[in-house]
Amino acid sequence: QVQLVESGGGLVQAGGSLRLSCAASGSTSSIRLMDWYRQAPGKQRELVAQITAGGSTYYLDSMKGRFSISRDNAKNTVYLQMNSLKPEDTAVYYCRAQYDIIRISWGQGTQVTVSS
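All of these numbers come straight from a predicted model, not from anything done at the bench.

### Examining the sheet that holds strand β8 (residues 77–82)
Then comes step 1: One open sheet holds the four strands; their spatial order is β1-β3-β8-β7, and the pairing between them is antiparallel. The open sheet has two free edges, formed respectively by β1 (2–7) and β7 (67–72), since each of these has just one partner strand. Looking at each pair of strands side by side, their axes are set apart by 15° on average, direction ignored.

Below is the structure:
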(Lines give C-alpha, C1' and ligand atoms only; values in the text may rest on other atoms or scores of the structure.)
Protein backbone atom coordinates (compact mmCIF):
# COMPACT_ATOMS: atom_id res chain seq x y z
CA GLN A 1 0.00 0.00 0.00
CA VAL A 2 0.89 3.65 -0.38
CA GLN A 3 0.16 6.27 2.26
CA LEU A 4 0.07 9.98 1.46
CA VAL A 5 0.34 12.98 3.76
CA GLU A 6 -0.22 16.51 2.46
CA SER A 7 1.04 19.69 4.06
CA GLY A 8 1.55 23.33 3.23
CA GLY A 9 -1.99 24.63 3.04
CA GLY A 10 -3.10 27.79 4.77
CA LEU A 11 -4.53 31.26 4.41
CA VAL A 12 -3.01 33.60 1.84
CA GLN A 13 -4.02 36.87 0.23
CA ALA A 14 -4.94 37.04 -3.45
CA GLY A 15 -1.80 37.25 -5.55
CA GLY A 16 0.21 35.31 -3.02
CA SER A 17 1.88 31.91 -3.24
CA LEU A 18 1.83 28.60 -1.44
CA ARG A 19 3.70 25.35 -1.90
CA LEU A 20 1.92 22.13 -1.07
CA SER A 21 3.81 18.95 -0.32
CA CYS A 22 2.68 15.34 -0.53
CA ALA A 23 4.90 12.79 1.14
CA ALA A 24 4.43 9.18 0.11
CA SER A 25 5.36 6.12 2.14
CA GLY A 26 4.92 2.39 1.77
CA SER A 27 5.23 0.79 -1.68
CA THR A 28 6.55 3.97 -3.26
CA SER A 29 8.54 2.15 -5.95
CA SER A 30 5.27 1.05 -7.53
CA ILE A 31 3.89 4.57 -7.96
CA ARG A 32 3.36 5.44 -11.63
CA LEU A 33 1.37 8.65 -11.39
CA MET A 34 0.75 11.30 -8.78
CA ASP A 35 -1.91 13.98 -8.96
CA TRP A 36 -3.19 17.00 -7.15
CA TYR A 37 -6.97 17.41 -7.01
CA ARG A 38 -9.03 20.07 -5.34
CA GLN A 39 -12.58 20.35 -4.10
CA ALA A 40 -14.28 23.63 -3.38
CA PRO A 41 -17.45 23.80 -1.23
CA GLY A 42 -20.45 22.62 -3.21
CA LYS A 43 -18.34 21.60 -6.20
CA GLN A 44 -17.02 18.35 -7.57
CA ARG A 45 -13.43 17.33 -7.02
CA GLU A 46 -11.32 18.33 -10.02
CA LEU A 47 -7.89 17.42 -11.28
CA VAL A 48 -5.38 20.24 -10.93
CA ALA A 49 -2.11 18.72 -12.10
CA GLN A 50 -0.39 15.38 -12.48
CA ILE A 51 3.12 14.07 -12.89
CA THR A 52 4.25 10.67 -14.10
CA ALA A 53 7.11 8.58 -12.76
CA GLY A 54 9.11 9.78 -15.74
CA GLY A 55 8.43 13.43 -14.97
CA SER A 56 5.84 14.26 -17.62
CA THR A 57 3.30 16.78 -16.40
CA TYR A 58 -0.27 17.79 -17.13
CA TYR A 59 -2.23 20.80 -15.92
CA LEU A 60 -5.82 21.91 -16.00
CA ASP A 61 -5.91 24.81 -18.47
CA SER A 62 -6.81 27.39 -15.84
CA MET A 63 -3.73 26.42 -13.84
CA LYS A 64 -1.18 26.70 -16.62
CA GLY A 65 1.37 29.38 -15.91
CA ARG A 66 0.30 29.72 -12.27
CA PHE A 67 0.75 26.24 -10.82
CA SER A 68 3.73 23.94 -11.13
CA ILE A 69 3.95 20.29 -10.12
CA SER A 70 7.27 18.62 -9.38
CA ARG A 71 8.59 15.57 -7.61
CA ASP A 72 11.64 14.64 -5.55
CA ASN A 73 12.03 10.91 -5.99
CA ALA A 74 14.71 10.69 -3.31
CA LYS A 75 12.23 12.09 -0.78
CA ASN A 76 9.17 10.37 -2.27
CA THR A 77 7.50 13.77 -2.27
CA VAL A 78 5.45 15.66 -4.82
CA TYR A 79 5.05 19.42 -4.68
CA LEU A 80 2.50 21.84 -6.03
CA GLN A 81 3.80 25.37 -6.30
CA MET A 82 0.87 27.77 -6.57
CA ASN A 83 1.49 31.37 -7.59
CA SER A 84 -0.80 34.31 -8.31
CA LEU A 85 -3.49 32.72 -6.20
CA LYS A 86 -7.07 33.82 -6.65
CA PRO A 87 -10.06 33.56 -4.29
CA GLU A 88 -11.52 30.93 -6.62
CA ASP A 89 -8.52 28.72 -5.85
CA THR A 90 -9.92 28.27 -2.35
CA ALA A 91 -10.50 24.56 -1.82
CA VAL A 92 -9.29 21.45 -0.07
CA TYR A 93 -6.36 20.11 -2.05
CA TYR A 94 -5.83 16.37 -2.18
CA CYS A 95 -2.88 14.32 -3.30
CA ARG A 96 -3.50 11.05 -5.12
CA ALA A 97 -1.20 8.25 -6.17
CA GLN A 98 -1.76 5.54 -8.73
CA TYR A 99 0.34 2.46 -8.01
CA ASP A 100 0.48 -1.26 -8.74
CA ILE A 101 -1.07 -0.29 -12.10
CA ILE A 102 -4.66 0.02 -10.89
CA ARG A 103 -4.56 0.86 -7.19
CA ILE A 104 -5.32 4.34 -5.92
CA SER A 105 -4.47 6.06 -2.67
CA TRP A 106 -5.63 9.48 -1.45
CA GLY A 107 -4.23 11.82 1.13
CA GLN A 108 -6.35 13.44 3.81
CA GLY A 109 -6.37 16.84 2.13
CA THR A 110 -5.05 20.27 3.05
CA GLN A 111 -7.11 23.45 3.13
CA VAL A 112 -6.10 26.40 0.96
CA THR A 113 -7.95 29.65 1.54
CA VAL A 114 -7.30 32.71 -0.61
CA SER A 115 -8.70 35.98 0.68
CA SER A 116 -9.60 38.87 -1.61
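### Points about the packing of aromatic side chains
Then comes step 1: Throughout the structure, instances matching the rule amount to two aromatic pairs.
Then comes step 2: Seen from their ring centres, Y37 and W106 are 5.0 Å apart, and the 65° between their planes marks the pair as edge-to-face. Placement of the pair is Y37 in strand β4 (residues 31–39) and W106 in strand β10 (residues 103–106), with a sequence separation of 69 residues.
Then comes step 3: Taking relative accessible area as the criterion, W106 reaches 35% and is therefore assigned partly exposed.
Then comes step 4: Each member of the aromatic cluster is reached from another via a ring pair, and the members are Y37, Y94 and W106.
Then comes step 5: Over the face of the ring belonging to Y94 we find R45, whose NZ or CZ atom lies 3.7 Å from the ring centre.

### A closer look at the environment of Q111
Then comes step 1: When you line up the elements, Q111 lands in strand β11 (residues 110–115).
Then comes step 2: Considered as a pair, Q111 and W36 are 75 residues apart in the sequence and their alpha carbons are 13 Å apart.
Then comes step 3: Residues contacting Q111, with those up to four places away along its chain left out, are G9, G10, T90, A91 and V92.
Then comes step 4: A polar side-chain atom of Q111 sits 3.4 Å from the main-chain carbonyl oxygen of A91.

### Observations regarding the state of the cysteines
Note: disulfide means a covalent bond formed between the sulfur atoms of two cysteine side chains.
Then comes step 1: Scanning all chains against the criterion turns up one disulfide.
Then comes step 2: Disulfide partner of C22: C95, at an S-S distance of 2.1 Å. A torsion of -80° about the S-S bond marks the disulfide between C22 and C95 as left-handed. Here the residue C22 occupies a position in strand β3 (residues 18–26), and C95 occupies one in strand β9 (residues 91–99), the gap between them amounting to 73 residues.
Then comes step 3: Look at C22 and you get buried, because its relative accessible area is 0%.

Conventions used here
- Residues numbered from 1 in each chain as written.
- Predicted model: local features only at pLDDT ≥ 70, side-chain atom pairs only at ≥ 80, totals over all residues.
- Heavy atoms only, no water.
- Pairing = 2+ DSSP bridges.
- Helix = DSSP H or I, 4+ residues; strand = E, 2+ residues; numbered from the N terminus.
- Axes fitted to C-alpha atoms, helices over the stretch in contact; angles between N-to-C directions.
- Phe/Tyr/Trp six-rings, centres within 6.5 Å; stacked < 30°, edge-to-face > 60°.
- Buried < 20%, exposed > 50% of the residue type's maximum accessible area, 1.4 Å probe, protein only.
- Lys NZ or Arg CZ within 6 Å of the ring centre and 35° of its normal.
- Contact = heavy atoms within 4.5 Å.
- Polar contact = N/O pair within 3.5 Å; in protein donor to acceptor, adjacent residues only side chain to side chain.
- Disulfide = S-S within 2.5 Å.

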